[in-house]
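Remarks on the overall topology
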Amino acid sequence: NFFEIDTSLLRVVKQVSLPVNVAGANSRATQPFSIASLADGSVMMVVGSDGLPNDVVVLYDPSTGSFTRPTLPPGLSLAYHSTVQSSPDQQHVYLLTPNLFRYDLASHAFTGPAVLNSTPVSIAVRPDSSGIAVLLNNSQIATLDANFNTISTYTDSLYFPSSLVYSSDGTRLNFSGKAIG
């Protein structure tokens, strides 16, 4: 299930149950682990099952109550608990698997993967949606433009970052983590 909260009332106003076969006839994926909103009102989610490496991507259309599975690029494999994140303008959703892909609302298609020198762990989307920062599992941070071209990389052996976020004006990239040593 996933839930809709009315932010003016601060209470759940809608509960949506996933159909038993939302992930396919032979799948036991029944729990949304990550959700992202799109500008047309639809919701993209990664649906999985605790302890099973069979996550799938599902789109929910609240106007019709229907669930569909978007076409994934060839070779895209979902990791256990892959994540999705909307761009601030909600025109794109970034799918973080063992690779990084972007879903485009206008074309209803995925692009990618981004060519990275290590596995992506976390991303931050610029406030103007013009690019992203990617935290890699080697503690490197790469900034990419909207077409996944690398703009810069940052490595600092004094810190081990765990998550990223851009400042509201996009001039600073903040990360949480711990100091090494």
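One structure accompanies this document, and this report is about it. Every value quoted in this text rests on a predicted model; they were computed, and no experiment measured them.

1. Some details on the overall build of the protein
Secondary structure summary: the protein contains zero helices and 16 strands in total. Taking all 181 residues of the protein together, the buried fraction comes to 41%. Within the protein, contacts between residues at least 6 apart in sequence are counted, and of these 36% link residues at least 24 apart. Entry remark: accessible area of the protein is about 9,700 Å², with carbon and sulfur atoms responsible for 52%.

2. Describing a nonpolar patch on the surface
On the surface, Phe 3, Ile 5 and Val 12 cluster together into a nonpolar patch covering about 300 Å² of accessible area. Examined against the element boundaries, Phe 3 turns out to sit in strand β1 (residues 2–6). Exposure remark for Phe 3: the relative accessible area of 46% places this residue in the partly exposed category.

3. Considering the packing of aromatic side chains
In total, this model carries four aromatic pairs according to the counting rule given. With 5.2 Å between their ring centres and 80° between their planes, Phe 2 and Tyr 60 make a pair best called edge-to-face. Highlighted residues: Phe 2 in strand β1 and Tyr 60 in strand β5 (residues 52–61), separated in sequence by 58 residues. The pair Phe 2 / Tyr 60 is uniform in exposure class, with both members buried. Ring centres of Tyr 94 and Phe 148 lie 6.4 Å apart, and the angle between their planes is 50°; this geometry places the pair in the tilted category. With Tyr 94 in strand β8 (residues 92–96) and Phe 148 in the loop between β13 (141–145) and β14 (150–154), this residue pair connects regions lying 54 residues apart in the sequence. Each member of the pair Tyr 94 and Phe 148 is classed as buried. Members of the aromatic cluster, joined through ring pairs, are Phe 2, Tyr 60 and Phe 67. In this arrangement the basic side chain of Arg 102 is found over the ring face of Phe 148, its NZ or CZ atom lying 5.1 Å from the centre.

4. Some thoughts on the environment of Ala 146
With respect to the helices and strands, the residue Ala 146 is situated in the loop between β13 and β14. Counting along the chain gives 14 residues from Ala 146 to Ile 132, while the straight-line C-alpha distance between them is 7.2 Å. Ignoring anything within four residues of it in the chain, the contact list for Ala 146 reads Arg 102, Ser 130 and Gly 131.

5. Description of unusual backbone geometry
Pro 113 follows Gly 112 through a cis peptide bond whose omega is 10°. Considering the arrangement of structural elements, one finds Pro 113 in the loop between β10 (109–111) and β11 (120–125). We note that His 108 has phi near 55°; this positive angle belongs to a residue other than glycine. For His 108, the position within the fold is in the loop between β9 (100–104) and β10. Notably, Phe 148 is not glycine yet its phi reads approximately 70°, a positive angle.

6. Quick word on the sheet that holds strand β12 (residues 131–136)
Pairing in this open sheet of four strands is antiparallel, and the strands run β11-β12-β13-β14 from one edge to the other. The open sheet terminates on both sides in strands that have one partner only, identified here as β11 and β14. Strand-to-strand, the axes of this sheet are offset by a mean angle of 20°, without reference to chain direction. Strand direction decides the pairing type here: β13 and β14, joined by four bridges, are antiparallel. Within β14, the residue paired with Thr 143 across the bridge is Ser 152.

Calculation rules
Residues numbered from 1 in each chain as written. Predicted model: local features only at pLDDT ≥ 70, side-chain atom pairs only at ≥ 80, totals over all residues. Heavy atoms only, no water. Helix = DSSP H or I, 4+ residues; strand = E, 2+ residues; numbered from the N terminus. Buried < 20%, exposed > 50% of the residue type's maximum accessible area, 1.4 Å probe, protein only. Contact = heavy atoms within 4.5 Å. Areas by Shrake-Rupley, 256 points an atom, 1.4 Å probe, with all protein chains shown as cover. Patch = residues over 30% accessible without salt bridge, like charges linked within 9 Å, V, L, I, M, F, W, Y side chains within 5 Å. Salt bridge = Lys/Arg side-chain N within 4 Å of Asp/Glu carboxyl O. Phe/Tyr/Trp six-rings, centres within 6.5 Å; stacked < 30°, edge-to-face > 60°. Lys NZ or Arg CZ within 6 Å of the ring centre and 35° of its normal. Pairing = 2+ DSSP bridges. Axes fitted to C-alpha atoms, helices over the stretch in contact; angles between N-to-C directions.

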